[in-house]
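One letter stands for each residue in the lines below.
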Amino acid sequence: SPVFDVQSIREFFPILNRELNDKRLVYLDNAATSQKPQVVIDALSNYYSHYNANIHRGIHTLAEEATAAYESTRVTVRKFINALLPEEIIFTRGATEGINLVAYTWGRQNIHSGDEIIISGMEHHSNIVPWQILCEEKQAILKVIPVTDKGELDMEAYKNLISSKTKLVSVVHASNSLGTINPVKEIIDSAHQVGAVVMIDGAQSTVHLDIDVQQLDCDFFAFSGHKVYGPTGVGVLYGKKELLESMPPFMGGGEMIKEVTFEKTTYADLPYKYEAGTPNIADTVALKSALDFINEIGKDAIRKHENDLLKYATTQLETLPGLRIIGKAKEKVSVVSFVMQNIHPQDIGVLLDNQGIAVRTGHHCTQPLMTRFQIPGTVRASFAMYNTKEEIDKLVSGLQKAIKMLS
Ligand code: PMP
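Quick caveat: nothing in here was measured; it's all calculated off a predicted structure.

Criteria and thresholds
- Throughout this document, residue positions are counted from 1 along each chain, in the order its sequence is written.
- Totals for whole chains, interfaces and linings use every residue, but because this is a predicted model, local features are given only for residues with pLDDT of at least 70 and side-chain atom pairs only at 80 or more, for both listing and counting.
- The predictor attaches a confidence to each residue, called pLDDT, with possible values from 0 through 100.
- Each axis is a line fitted through C-alpha atoms, taken for helices only over the stretch in contact, and angles between the N-to-C directions span 0 to 180 degrees.
- The numbering of helices and of strands both runs from the N terminus, where a helix is a DSSP run of H or I of at least 4 residues and a strand a run of E of at least 2.
- For classification purposes, an angle smaller than 35 degrees is called roughly parallel, one larger than 145 roughly antiparallel, one from 65 to 115 roughly perpendicular, and anything else oblique.
- Handedness of a helix crossing follows the sense of rotation of the near helix relative to the far helix, less than a right angle counterclockwise being left-handed and clockwise being right-handed.
- Residue pairs qualify as contacts under a 7 Å threshold applied to their C-beta atoms, which are placed from the backbone.
- Residue polarity follows a fixed list, in which Ala, Val, Leu, Ile, Met, Phe, Trp, Tyr, Cys and Pro are nonpolar, Asp, Glu, Lys and Arg are charged, and the others, Gly among them, are polar.
- Helix span, as expected, comes to 1.5 Å for every residue beyond the first.
- Comment: burial labels come from other C-beta atoms within 10 Å of the residue's own C-beta, placed from the backbone, where a count of 20 or more is buried, 12 or fewer is exposed, and between is partly exposed.
- One bridge is not enough; two strands pair if DSSP finds at least two bridges between them.
- Only the C-beta atom, placed from the backbone, is used; a residue is near a molecule or strand if that atom lies within 6 Å of it.
- We define the nonpolar core as any set of buried residues of the types Ala, Val, Leu, Ile, Met, Phe, Trp, Tyr and Cys, connected via C-beta atoms lying within 7 Å of each other.
- Note that domain bounds follow an automatic or database assignment of domains.

Any residue range with low pLDDT should be treated as having predicted coordinates unsuitable for detailed reading. Across the chain, pLDDT averages 97, with 100% of residues at or above 70. Interface confidence for the predicted complex, expressed as ipTM, amounts to 0.99; the pTM equals 0.98.

Right, let's get into the packing of helix H3 (residues 61-80) against helix H10 (residues 281-297). At a minimum axis distance of 8 Å, the contact between H3 and H10 shows a crossing angle of 45°. By the angle between their directions, the pair H3 and H10 is classed as oblique. Relative to H10, H3 is oriented so that their crossing is left-handed. Contacts from Ala66, Ala69, Tyr70, Ser72, Thr73, Thr76, Val77 and Phe80 of H3 reach H10 at Ile281, Thr284, Val285, Leu287, Lys288, Leu291 and Asp292. Residue composition of the contact of H3 with H10, grouped by class: nine nonpolar, four polar and two charged.

Between its first and last C-alpha atoms H10 spans 25 Å; for 17 residues at 1.5 Å apiece the expected length is 24 Å, and the two agree. The element H10 is extensively covered by neighbouring structure, given that 12 of its 17 residues are classed as buried. Restricting attention to buried positions, one finds in H10 the residues Ile281, Ala282, Asp283, Thr284, Val285, Ala286, Leu287, Lys288, Ser289, Ala290, Leu291 and Phe293. Those residues of H10 hidden inside the fold are in contact with helix H2 (38-51), H3 and strand E4 (89-92). Positive phi appears at Gly298, one or two residues downstream of H10, with a value of about 100°.

Attention now goes to the sheet that holds strand E13 (residues 323-326). Each strand in a sheet pairs with its neighbour through backbone hydrogen bonds, running either in the same direction (parallel) or in the opposite one (antiparallel). Read across the sheet, four strands follow the order E13-E14-E17-E16 without closing on themselves; strand pairing throughout is antiparallel. Each edge of the open sheet is held by one strand with a lone partner, namely E13 and strand E16 (360-362). Across the sheet, the axes of successive neighbouring strands diverge by a mean angle of 30°, strand direction being ignored. Bridge count between E16 and strand E17 (residues 378-382): three bridges; the pairing is antiparallel. Paired with Thr361 across the two strands is Val379, which belongs to E17. Contacting E13, strand E14 (335-340) and E17, helix H11 (residues 299-317) crosses the sheet at an angle of about 10° to E14. Docked against the sheet, helix H12 (residues 345-354) engages E14, E16 and E17, running at close to 160° with respect to E16.

What follows deals with the site of the ligand. Taken together, 13 residues form the shell around the ligand, and within it Gly94, Thr96, Asn176, Ala203 and Ser224 come nearest. For the shell around the ligand, the residue count by class is four nonpolar, eight polar and one charged.

Moving on, we get to the nonpolar core. Membership of the largest hydrophobic core comes to 111 residues, with the highest contact counts inside it found for Val198, Ile200, Phe220 and Tyr238. The element contributing the most residues to this core is H10, with eight residues. Built from parts of two domains, this core gets at least three residues from each of domain 1 (6-30 + 298-406) and domain 2 (41-295).

So this is what it looks like as C-alpha cells:
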C-alpha cells in the first residue's frame, strides 16, 4: 500500500486551511464528526449539478443515473463491512435511526413482558433510550454491563447477566467517550449461546477498525456516514437477511410497498421495505466517495497513524499537572478523554477554542458513564487521519496556558 504522508492527506480536506483568531484550525473533535475530503464535497455538488432525480421510479436518463449511483453506494458499503448481501444494507439517517429502527420493528415484535435486554454502562444515549422506551412499553427489563475503573466492560459480570431471559444484547463497539474497544466477538458469541440477538453500535468503530459483520456474526450493526468522512444525514443499518425479512416495516409510505389496496398492502423486498419515501439520495451517493477515499488511503495505514497519535497524546498529556485521563483500556481507538483538577471542562474548551483548537467538552451523550466515574464531563480530543503530532503539541501548550490562567 502507498506511503502514509499526513501532509499530503491534509490537502484533501479544504476546511483544514480555516483560520480562527489568526490561528490555523486544530480540529480534534473527530469523534463528534469528521471533516470531509474534497471528493465527498465534489460528489454532492456533481450530483446536484448533473443528475439530480428521484430514484427507482423514473425511466428517464437522470433517474437511471441517480438510481445507479445510489445503489452503487450500497454495494460499496456491503464490501466495506463485509456483509454477505447488498440487500442486508439499509440506508438510514444515521446510527441513531438504525438503532431505533431495530427497537421499533424487531423489538416490538420480539420483546415481551419479563424479557431482558442487556446494554452496557458506556452506551451513547442513542443506544439506551430506544431500549428504555421499548422496555417501558413491553414491561421488559433493561440490564447493564458494568464498567471497570479502567473503562473496560466487566466481562465476568456480563457472563452472569446473560440467561435464557436475555432476548437482545446491544453494545457499543468503540466508546465515543473513552475510546475503549469492546470485545464484541466474545459478547456476540456468549449472547448467541442463549439465543439472544445482538446489535452492535458501530458509530465510532467503523472509521477506525476493519469491520467484518460476517466474522463478528452480529445480527445488526449501525453506523453514521458523517463519522466516516462522509456527509451528515445518511447512515447504515446492517441486518442479517432472515431477520430483516421476518421483521415488520419501520415507516410506511412510497418505495416500501409491493402493492397497496385499501384492504391489504404487501411490502417490497429487501432492502426497500425499510426505505420508505424519497431517501437522502445526494448524501448516500457521496458516502461512496468517502468509503472509496478511506480504502484508497488504506485502513491499516490510517490506523497505524492514529495509534501513533493516541500514544503520543497520552504520553504528552500525562506530563501535565492535575490532568487525569478517563479510560485507560488496553484496546482503544484514537480518543483521549481527561479531566483537570479544579478546572471545569467547559472552561478548558473555551480557552482552547480561543487558540483555534476544537475539542469536545461535556458528557458526550453518555451521562450514565459520567455518573459512573463521578465526573460532570470530560475534555475529549479525538483524532483522525489528518491530525498531526504538531497539533497535539498545540493542544498540550494550550492546556498549559489554561492551567496558568484558571488554577
Ligand atoms: N453511538 C455512538 C457511540 C456515537 O458516538 C454516536 C454519535 N456521537 C451515536 C451512536 C449516534 O450517531 P448519530 O448521532 O450520527 O446518529
